[in-house]
Each structure stands twice: as C-alpha cells, then as structure tokens.
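Here are the chains, one letter per residue:
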Amino acid sequence: QLPLVESGGGLVQPGGSLRLSCAASGFSLDYYNIGWFRQAPGKEREGVACINGSGGSTNYADSVKGRFTISRDNAKNTVYLQMNSLKPEDTGVYYCAADYYTTVQAMCNIVGDHDYWGQGTQVTVSS
C-alpha cells in the first residue's frame, strides 16, 4: 500500500461539492506539511491547497480561494479537501503529498519533490 491514499473523487455537476480525503499509512502526519495538487489533461501539475503540521497555516491557489478548504485531523491521520462551487476547470487528478522539512508556502510551489505522494483520485466536473 502507498504511504498516502486519496479518496472521495468522482463525477459532479458544476456548482456541486466533493470532499477529498488523504490518509497516511505507516507513518504519522502530525509534523508534516500536506499539499493537494491537481493535474488536468494536457496541463502541468499545480498546487491547490497546503496546510502545515498543526493546521494553523494554510495556502491556496488564487483559482480556488473562497471555494476550497483544506483541513486536517491528526487524530485520524487524515487531511481533507472540501471543494465547493466546483467548475469544469477544476477537473483533473488530485494528489496529496507530505513533506516534513518545508514551509506551507513552499509546499504549494513545489509540484514534484516531496517526501510522499498518493496515487491520485479523479475529479470530473461536467454537465
């Protein structure tokens, strides 16, 4: 099993909502920065939302501010991404990543070099 496992993706109509989960297996997320990234067909991977170990600091891409919320429950070893008011341009494969030694700002800006990655979950926003 991969060290991070995403779930919660699916097909949703524009304006709908989804909640993604990122669960750690085999290690504790308590002191890791966590980021959500997405990759649309034909486009490069981009940072969507990131959160520090305590949950006290977050960072969002401008395109999702006010619509997406990242949160974490360290007791459950899980990080969430609540996505509201979804748009077709939100379509893509969503990945979570964990990185111990970084800042929450750098986490979202670095799209490849992190300690752990999940397998991704497909989000499709379409009528």
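Just so you know, the residues in each chain are numbered from 1, in the order the chain's sequence is written. Thresholds applied to this predicted model are a pLDDT of at least 70 for local features of residues and 80 or more for the giving and counting of side-chain atom pairs; totals over whole chains, interfaces and linings are not thresholded and use all residues. For the side-chain quantities, the full set of heavy atoms in the structure was used; hydrogens and water were omitted.

Novice: Could you give me a rundown of the overall build of the protein chain, with the residues and numbers involved?
Specialist: Per the secondary structure count, the protein chain includes one helix and eleven strands. To qualify as a helix, a DSSP run of H or I must reach at least 4 residues; to qualify as a strand, a run of E must reach at least 2; elements of each kind are numbered from the N terminus. Across the protein chain, helices and strands are ordered from the amino to the carboxyl terminus as β-β-β-β-β-β-β-β-β-α-β-β. We take the radius of gyration over the C-alpha atoms and set the globule estimate at 2.2 Å times the residue count to the 0.38 power. A globule of 127 residues ought to have a C-alpha radius of gyration of about 14 Å, and the protein chain, at 13 Å, matches this closely. For the protein chain, the proportion of its 127 residues judged to be buried stands at 46%. For each residue, the accessible area found with a 1.4 Å probe, counting protein chains only, is set against the maximum for its type, and the residue is called buried under 20%, exposed over 50%, and partly exposed in between.

Novice: Go over the sheet that holds strand β8 (residues 78-83), please, and point to the residues and values.
Specialist: Across a sheet, paired strands are connected by hydrogen bonds in the backbone, their directions being either parallel or antiparallel. Pairing in this open sheet of four strands is antiparallel, and the strands run β1-β3-β8-β7 from one edge to the other. Among the strands making up the open sheet, the edge pair consists of β1 (4-7) and β7 (68-73). For this sheet, the mean angle separating the axes of adjacent strands, direction not counted, is 15 degrees. Strands are labelled as partners when DSSP assigns at least two bridges between them. Across four bridges, β1 lies against strand β3 (residues 18-24) in antiparallel orientation. Across the sheet, the residue bridging to Val5 is Ala23, located in β3. Here an angle of 0 to 180 degrees is reported between the N-to-C directions of two axes, which are lines fitted to C-alpha atoms, with helices fitted over the stretch in contact.

Novice: Tell me about the environment of Met107, residues and numbers included.
Specialist: Looking at the secondary structure, you find Met107 in helix α1 (residues 104-109). The spatial distance from the C-alpha of Met107 to the C-alpha of Phe27 is 19 Å, given a sequence separation of 80 residues. When checking whether two residues touch, look at their non-hydrogen atoms; a contact exists if any pair is within 4.5 Å. Leave out the neighbours within four places in its chain, and Met107 touches Asn33, Ile34, Gly35, Phe37, Cys50, Ala97, Ala98, Asp99, Thr102 and His114.

Novice: Quick one: what's the story with the layout of surface pockets, residue by residue and with numbers?
Specialist: Cavities and pockets are defined on a 1 Å grid built over the protein atoms alone: a cavity is a set of grid points where a 1.4 Å probe fits but cannot escape, while a pocket is an open set with protein on both sides within 12 Å along at least five of seven lines, and lining residues are those with an atom within 4 Å of any such point. Grid points are joined across faces, edges and corners, and a volume is the space filled by probe spheres set on the points. Empty space within the largest pocket amounts to approximately 160 Å³. Taken together, Arg38, Gln39, Ala40, Lys43, Glu44, Glu46, Ser63, Arg67, Lys87, Glu89, Asp90 and Thr91 make up the full set of residues lining the largest pocket. Under the grouping applied here, Gly and all other residues not named as nonpolar or charged are polar, the nonpolar ones being Ala, Val, Leu, Ile, Met, Phe, Trp, Tyr, Cys and Pro and the charged ones Asp, Glu, Lys and Arg. Split into classes, the residues belonging to the lining of the largest pocket amount to one nonpolar, three polar and eight charged.

That's the geometry; what it means functionally is another story.
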